[in-house]
Amino acid sequence: MKEVFIVSENEDIFTMFSKTLSYLPVHFSWVGDMDSAEKQFRTEKPDFVFFAVYKLTLLHNWVARYKSFKLRIPFLCFISKIGWEKRELLWMAGAAEVIELPKLKKEFKQIVETVLVSSSDEGNDAKLSGSLNVLNVINLIQTFEDGKKNGVIELISKNRRGQLQFYKGKLVNAIYNNSDPIEAVLAMSLWRDGLYTVTYDKIRHNHRIKLDNRQMIKECQDHILNHEKILSALPDKEIVLYASPTIDYEELGAKDRTNLLYFKFGKSINEFIENDSEGMLDFLKEIDSWIDKGAFVGKEEFQAQQLKIKEEKNKSGVKKLFGKIFSKKEESQTHAPGMIKKNKDSGEDYSEKKVYMFDRFNLLVEYAEILENQDG
Amino acid sequence: MKTVIEVPVFATDSNLFKPLLGENKNITETKYHDFLFLEFELDKAHEIYFYCMDYIPEKGNISLADKIIPKAPFVFFLVEPDAGSFSETADNMFSEYIDNYTTPAFVIRSAPLSEKEKQPEENLNPDLKGLEIIFTEQENNNFTKHILTEAIKKVIPKNL
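No experiment lies behind these values; they were computed from the predicted model shown.

Asker: Can you help me understand the overall build of chain B in this one?
Answerer: Across its full length, chain B holds five helices and seven strands. Each helix (α) and strand (β) of chain B, taken in turn from the N terminus, gives the series β-α-β-β-β-α-β-α-β-α-β-α. Expressed as a percentage of the 160 residues in chain B, the buried residues total 53%. When the accessible surface of chain B is totalled, it reaches about 7,300 Å², and 50% of it is carbon and sulfur.

Right under this line is the structure:
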């Protein structure tokens, strides 16, 4: 595992790195600004240093200080658009790469991955690791079987992490979230974007999977086929779908509610697949039926429904009360639980807008005067 | 005794909160589970609390936003600095806000590039006309002071 120090005044950037690059065999540590980083450098030597700074002048200052420590540890610089034009000096100072932020996630991953992974290849890591793009779970089970060894395979894909455990070449256990072992293997068999690390050991791992490797591989193949079948039957995956504002979330199950809420402000099916929520596949299987029920609408319809709801809200109190009574009556006649309420004349129970209650305007005048009199 | 006013700040991306902090040493930052809390000490007796969120919380829950927004003098929306029209995420955030709250809201964006773009009303969805726009550069050293002063100026004449 490579160690990377992130030198930045802001912890956000560290969170971004550890989230986006969690699948890499790299450990990120946020060491604060250059003052606190300097102290850390005295006791620890990472494999890489990342500088992430908003202002270019500060970055130059930090790089100069860093160079004076003569650590010879490669470093990368991350700067904002503002400092981008003047990045040549950083290259001249020896930066392995200068990266402008913000950047598209894919592009960002690719750049950092190239620098970090190519460096880790040079090391003499006893562990065997590689990309899930090249060897997926099925290939990994087959490879382990051939070696008849004991050990574990750690799989990291996006923010997900799982483990396969082997005893004498047989897959005996799998861990992913709280899923049961077979479910865990099936879920991981779909991972294509990420890394695996094989560690051989002499541990007798718990024998929790009763299926032999052949049967397990067959299960995975069926699962992958089923997954592909569902994906290929989906409507255009690029189109942005909006969850209709008329959906009554209270009447839905937890998984459906979470999945539908994901589309609340418009998302494409591709984004949904990328998000890989729990129960995603089951939800996708039913997507046509959700569309038929009116749970998903296009942007225009979404706006029209919002407008209609707003008009409903503006109805007079008495009318609203009548609306409520009649809508309940109507609902009990026409809607089974879990169905989506149709907005049409339903007079649904949409609560009022929260009223503006601030009244200390003299105090605001006082604040304005203080602000005006402040330096700068 | 200290006087405090509370200002909710919404953004389409949490990175957009950065200019609020700027280089102002009187602003301290604390991270909570679902919002970023900034404490701006104007002087010994006056403070402003910013509650920064990159989403509009679900209404109906006893949410922080439901408690604070109605009692706040105004709220801010920080959007992407490009000079074109608002992103879909921003548009959705605005309409979600307008649907649920009546507290004056100011959209903070970079100064537009052309004369045509100086007509913000044209850029707005007709449903969103309850929002006013304050133009400022994100790199402005006095970003926070500037947007506060502008917002106060806009709110006071209507209500005093």
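Asker: Any chance you could explain unusual backbone geometry here in plain terms?
Answerer: The phi angle of most residues is negative, glycine excepted, and most peptide bonds adopt the trans form. Of note, the phi angle at Lys168(A) is positive, near 50°, even though the residue is not glycine. Note that Lys168(A) resides in the loop between β8 (160-167) and β9 (170-176).

Asker: Would you mind showing me how to read the pairing of strand β4 (residues 75-80) of chain A here?
Answerer: The side chains of a regular strand alternate, residue by residue, between the two faces of the sheet. Residue and element names in this part refer to chain A. With six of six residues buried, β4 is to be regarded as a mostly interior element. Taking every second residue as pointing to the same face, both faces of β4 are buried, with Phe75, Cys77 and Ile79 on one and Leu76, Phe78 and Ser80 on the other. The pairing of strand β3 (residues 48-53) with β4 spans five bridges and is classified as parallel. Paired with Val53 across the strands is Ile79, a residue of β4.

Asker: Would you take a moment to explain the interface of chain A and chain B for this structure?
Answerer: How big an interface is tends to be expressed through the accessible area that disappears when the partners come together. Taken together, the 40 residues of chain A in the interface contact 45 residues of chain B. Regarding the contact of chain A and chain B, the summed buried area is about 4,000 Å², with carbon and sulfur atoms giving 54% of it. Salt-bridge contacts for Lys31(B) lead to Asp12(A); the nearest nitrogen and oxygen are separated by 2.7 Å. Joining chain A to chain B, the criterion identifies twelve residue pairs in polar contact (both at pLDDT 80 or more). For the side of chain A that touches chain B, the elements supplying multiple residues, two or more each, are α1 (11-20), β11 (240-243), α14 (299-313) and α16 (361-373) of chain A. With eleven residues, α16(A) is the largest single contributor of residues to the side of chain A that touches chain B. Of the residues belonging to the side of chain A that touches chain B, the class tally is 19 nonpolar, seven polar and 14 charged.

Asker: It is not clear to me how the pairing of strand β7 (residues 151-157) of chain A should be interpreted in this structure. Could you clarify?
Answerer: Residues and elements named next belong to chain A. Along β7, six of the seven residues are buried, which leaves the element largely enclosed by surrounding structure. Alignment of β7 against β8, held across seven bridges, turns out to be antiparallel. Within β8, the residue paired with Ser157 across the bridge is Arg160. Counted between consecutive antiparallel strands, the loop separating β7 from β8 contains two residues, among which Lys158 sits at a positive phi close to 50°.

Asker: Explain α1(A) here, please?
Answerer: All names here are of chain A. Looking at α1, one finds that the buried residues are Ile13, Phe14, Phe17 and Thr20. Considered in projection along α1, the buried side chains sweep an arc of 150° and stay on one side of the axis. Backbone nitrogen of Asp12 and a side-chain oxygen of the N-cap are separated by 3.0 Å at the start of α1; the cap is Asn10.

Asker: For this particular structure, what's the right way to read the sheet that holds strand β13 (residues 296-297) of chain A?
Answerer: To summarise the sheet geometry, strands pair through backbone hydrogen bonds and adopt either a parallel or an antiparallel arrangement. Residue and element names in this part refer to chain A. The antiparallel open sheet is built from three strands, whose spatial order is β12-β11-β13. Every interior strand has two partners, whereas the edge strands, β12 (267-268) and β13, have only one. Here β11 runs beside β13; their pairing, made up of two bridges, is antiparallel. What sits directly across from Ala243, in β13, is Phe296.

Asker: Even after reading the chapter, I still don't get the environment of Phe41(A), so can you show me in this structure?
Answerer: In this structure, Phe41(A) sits in helix α2 (residues 34-43). Ignoring any residue separated from it by four or fewer positions in sequence, one finds Phe41(A) in contact with Phe5(A), Met34(A), Pro46(A), Val49(A), Tyr66(A), Phe69(A) and Leu71(A).

Criteria and thresholds
Residues numbered from 1 in each chain as written. Chains lettered and ligands numbered in written order. Predicted model: local features only at pLDDT ≥ 70, side-chain atom pairs only at ≥ 80, totals over all residues. Heavy atoms only, no water. Helix = DSSP H or I, 4+ residues; strand = E, 2+ residues; numbered from the N terminus. Buried < 20%, exposed > 50% of the residue type's maximum accessible area, 1.4 Å probe, protein only. Areas by Shrake-Rupley, 256 points an atom, 1.4 Å probe, with all protein chains shown as cover. Pairing = 2+ DSSP bridges. Contact = heavy atoms within 4.5 Å. Buried area = accessible area lost by both parts, 1.4 Å probe. Salt bridge = Lys/Arg side-chain N within 4 Å of Asp/Glu carboxyl O. Polar contact = N/O pair within 3.5 Å; in protein donor to acceptor, adjacent residues only side chain to side chain. Nonpolar A, V, L, I, M, F, W, Y, C, P; charged D, E, K, R; others polar. Arc of directions from axis to C-beta.

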